[in-house]
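Working through the structure, step by step
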Amino acid sequence: MDFTHFIAGKDDDGRRLDKILRRFLQEDHLSVIYKSLRNGLIKVNGKKCEGNFRVSEGTDIQIANVLLQKNDTASDTREQNSPLKALHDFIIFKNDAILILNKPYDIPVQPSSSSHGNSLSELVQAEYEANHEKTSLSFRTGPLHRLDRKTTGLIAFSQNLEGARWFSEHIQSHAIQKVYIAILEGNLTEKQVWEERIEKSGVSNEQLAGSRAQRGKFHTVEVNSTNGKIAHTEVEPVSHGVFLGKDVTLACVLIKTGRTHQIRAQAAFHGFPLLGDTAYGSTQIDSKRFKQEFFLHAAELHFPHDNPLGLPETIKAPIGKEFLKIIENSHFSPYN
């Protein structure tokens, strides 16, 4: 029987064998992989091995060609339906450790049944595989923090294991700061600090009520939940305007935590929902005319000045044309 040899690299050191095999045998259920290990269709350094074996740099993993061919056929079919799109227009920063994109509106970060290969994660992974010499069997690039599908702006992806570990550690410790630009309904007159416990909720739009007590419960999260996690948000007005007869505020938002829909939920809870964000109680705007349902942009990332990854202290992403169109129609003073 013919086998293909794969040599583990530095970023594979310490990884479980079954985790690495999933990269090559994506079409096979884990039980099939374990059966192949028992039958000798997969070997490590020429011998049978168990799935929980910890791989070291230089380990020789041998996979029977018959297994690889079956998976390659399925992968080819997926690639025909998922053409690689150029990412160069979105790239803000790139080095060997980190890739940072200016995410467009309405493109998902994570793959789903409806993304058809066009999520940012899939596109970035395809770009990575096309432009990097394969030195690791297990490493996959991936997003290092959250960004909603309909939020635009800065999103970081790992390019190696060192970058992934450093970024994840420092975003958890709040050494990396994220600054957003938002258009809020209402006239926010001074800087506010919002701190509540929030958690995911199953409350539907139809259950939204107008009272402040009920505004804590929304389609996606519940604010002031007893069991929720603390969400800390600082919001400061930049400029005031009027959009279709409604007072609106252009605001700078700094988040110290990264909860699901944190800005959207807390802004609504405090009486300043994102303009057009109907899931959180705002009035619907003409999305055909303005091309977006609401306006939230991850504008800046701030990094420690002595970081080992070669990241600048501040990275900024320009606002998109649809966001600028709303600013112009709201007669805001120019945003710098």
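Because the structure is a prediction, the values reported are computed rather than measured.

1. A word on the layout of surface pockets
A probe as big as a water molecule, rolled over the atoms, marks out the empty space that is left. Put simply, the second largest pocket is a space of about 800 Å³. In terms of lining, the second largest pocket is formed by 32 residues, of which the most central are His145, Arg146, Leu147, Lys178 and Gly258. Put simply, the parts of the chain that give the lining of the second largest pocket at least two residues each are helix H5 (161-172), strand S7 (177-185) and helix H6 (262-269). Of the residues in the lining of the second largest pocket, the class split is twelve nonpolar, 13 polar and seven charged.

2. A word on the environment of Phe157
Inspection of the secondary structure puts Phe157 in strand S6 (residues 152-158). A relative accessible area of 0% means that Phe157 is categorised as buried. For the pair Phe157 and Pro143, spaced 14 residues apart in sequence, the C-alpha to C-alpha distance is 4.4 Å. Residues in contact with Phe157, not counting those within four places in the same chain, are Ala97, Ile98, Leu99, Leu101, Val109, Leu120, Ser121, Val124, Thr141, Gly142, Pro143 and Leu144.

3. What about the environment of Ile181?
Its location among the elements puts Ile181 in strand S7. Looking at Ile181, the relative accessible area reads 1%, which means it is buried. Along the primary structure Ile181 and Val253 are separated by 72 residues, whereas in three dimensions their C-alpha atoms are 6.1 Å apart.

4. A short note on the pattern of salt bridges
In the structure shown here, the tally under the stated rule is nine salt bridges. In this structure, Asp18 and Arg16 form a salt bridge, with 2.7 Å as the shortest nitrogen-oxygen distance. Among the residues examined, Asp18 registers a relative accessible area of 4% and is labelled buried. On the accessibility criterion, Arg16 (27% relative accessible area) is partly exposed. Its salt-bridge partner being Lys325, residue Glu322 comes within 3.3 Å of it at the nearest N-O pair. Taken together, the residues Glu322 and Lys325, both in helix H8 (residues 321-329) and three residues apart, mark about one turn of the helix.

5. Focus on the sheet that holds strand S3 (residues 60-64)
The sheet built from three strands is open, its strands ordered S1-S3-S2 with antiparallel pairing. Every interior strand has two partners, whereas the edge strands, strand S1 (3-7) and strand S2 (42-44), have only one. Averaged over all pairs of adjacent strands, the angle between strand axes in this sheet comes to 20°, irrespective of strand direction. As judged from the three bridges shared by S2 and S3, these two strands associate in the antiparallel manner.

6. Notes on the pairing of strand S11 (residues 246-255)
Burial within S11 is extensive, with seven of its ten residues counted as buried. Strand direction decides the pairing type here: strand S10 (residues 229-243) and S11, joined by ten bridges, are antiparallel. Residue His240 lies in a different strand from S11, and its bridge partner there is Thr249. From the end of S10 to the start of S11, which pair antiparallel, there are two residues, and Leu244 there has a positive phi angle of about 50°.

7. Some points on unusual backbone geometry
Non-glycine residue Leu244 carries a positive phi angle of around 50°. Taking relative accessible area as the criterion, Leu244 reaches 64% and is therefore assigned exposed. Its identity is not glycine, yet His261 carries a phi of approximately 55°, on the positive side. Structurally, the position occupied by His261 is in the loop between S11 and H6.

8. Examining H5
Under the 1.5 Å per step criterion, the end-to-end length of H5 is 17 Å for twelve residues, consistent within 8% with the ideal 16 Å. Listing the buried residues of H5 in full gives Gly163, Ala164, Trp166, Phe167, His170 and Ile171. Buried residues in H5 make contact with strand S5 (98-103), S6 and S7. Sitting at the head of H5, Asn160 places a side-chain oxygen 3.3 Å from the backbone nitrogen of Glu162. Once H5 ends, the next one or two residues include His174, with phi positive near 70°.

9. Some words on the side chain of Asp277
Within the secondary structure layout, Asp277 lies in the loop between H6 and helix H7 (287-290). When sequence neighbours within four positions are dropped, the list of residues in contact with Asp277 reads Arg264, Ser282, Glu293 and Phe294.

10. Some details on the packing of helix H1 (residues 17-24) against helix H2 (residues 30-38)
Direction vectors running N to C along H1 and H2 enclose 110°, while the axes themselves pass 11 Å from each other. As the angle between them shows, H1 and H2 are arranged roughly perpendicular. Within the contact between the two elements, H1 uses Leu17, Asp18, Leu21 and Arg22 and H2 uses Leu30, Ile33, Tyr34 and Leu37.

Cut-offs applied
Starting afresh in each chain, residues are numbered from 1 along the sequence in its written order. Per-residue local features of the predicted model are confined to residues with pLDDT of at least 70, and side-chain atom pairs are confined, for both listing and counting, to 80 or more; whole-chain, interface and lining totals are unaffected and use all residues. In computing side-chain values, all of the structure's heavy atoms are included and hydrogens and water are not. Both site types are read off a 1 Å grid over the protein atoms alone. A 1.4 Å probe that fits but cannot get out defines a cavity, while an open set with protein on both sides within 12 Å along at least five of seven lines defines a pocket; lining residues have an atom within 4 Å of a point. Grid points are joined across faces, edges and corners, and a volume is the space filled by probe spheres set on the points. Labels follow the DSSP assignment, with helices taken as runs of H or I lasting at least four residues and strands as runs of E lasting at least two, numbered in each case from the N terminus. Amino acids outside the nonpolar list (Ala, Val, Leu, Ile, Met, Phe, Trp, Tyr, Cys, Pro) and the charged list (Asp, Glu, Lys, Arg) are all regarded as polar, and Gly is one of them. Residue exposure (1.4 Å probe, protein chains only): buried if accessible area is under 20% of the type maximum, exposed if over 50%, otherwise partly exposed. Should any heavy atoms of two residues lie within 4.5 Å, those residues are considered in contact. The working definition used for a salt bridge is a side-chain nitrogen of Lys or Arg within 4 Å of a carboxyl oxygen of Asp or Glu. Each pair of strands is called paired provided DSSP finds at least two bridges between the two strands. Here, axes are lines fitted to C-alpha atoms. For helices the fit covers the stretch in contact, and angles between N-to-C directions go from 0 to 180 degrees. Any helix carries an expected span of 1.5 Å times its number of residues minus one. Any pair of nitrogen or oxygen atoms within 3.5 Å is treated as a polar contact; in protein, a donor-acceptor pairing is required on top of that, and neighbouring residues in sequence qualify only through side-chain atoms on both sides. If an angle is under 35 degrees, it is roughly parallel; if it is over 145, roughly antiparallel; if it lies from 65 to 115, roughly perpendicular; otherwise it is oblique.

On their own, these measurements won't tell you what the molecule is for.
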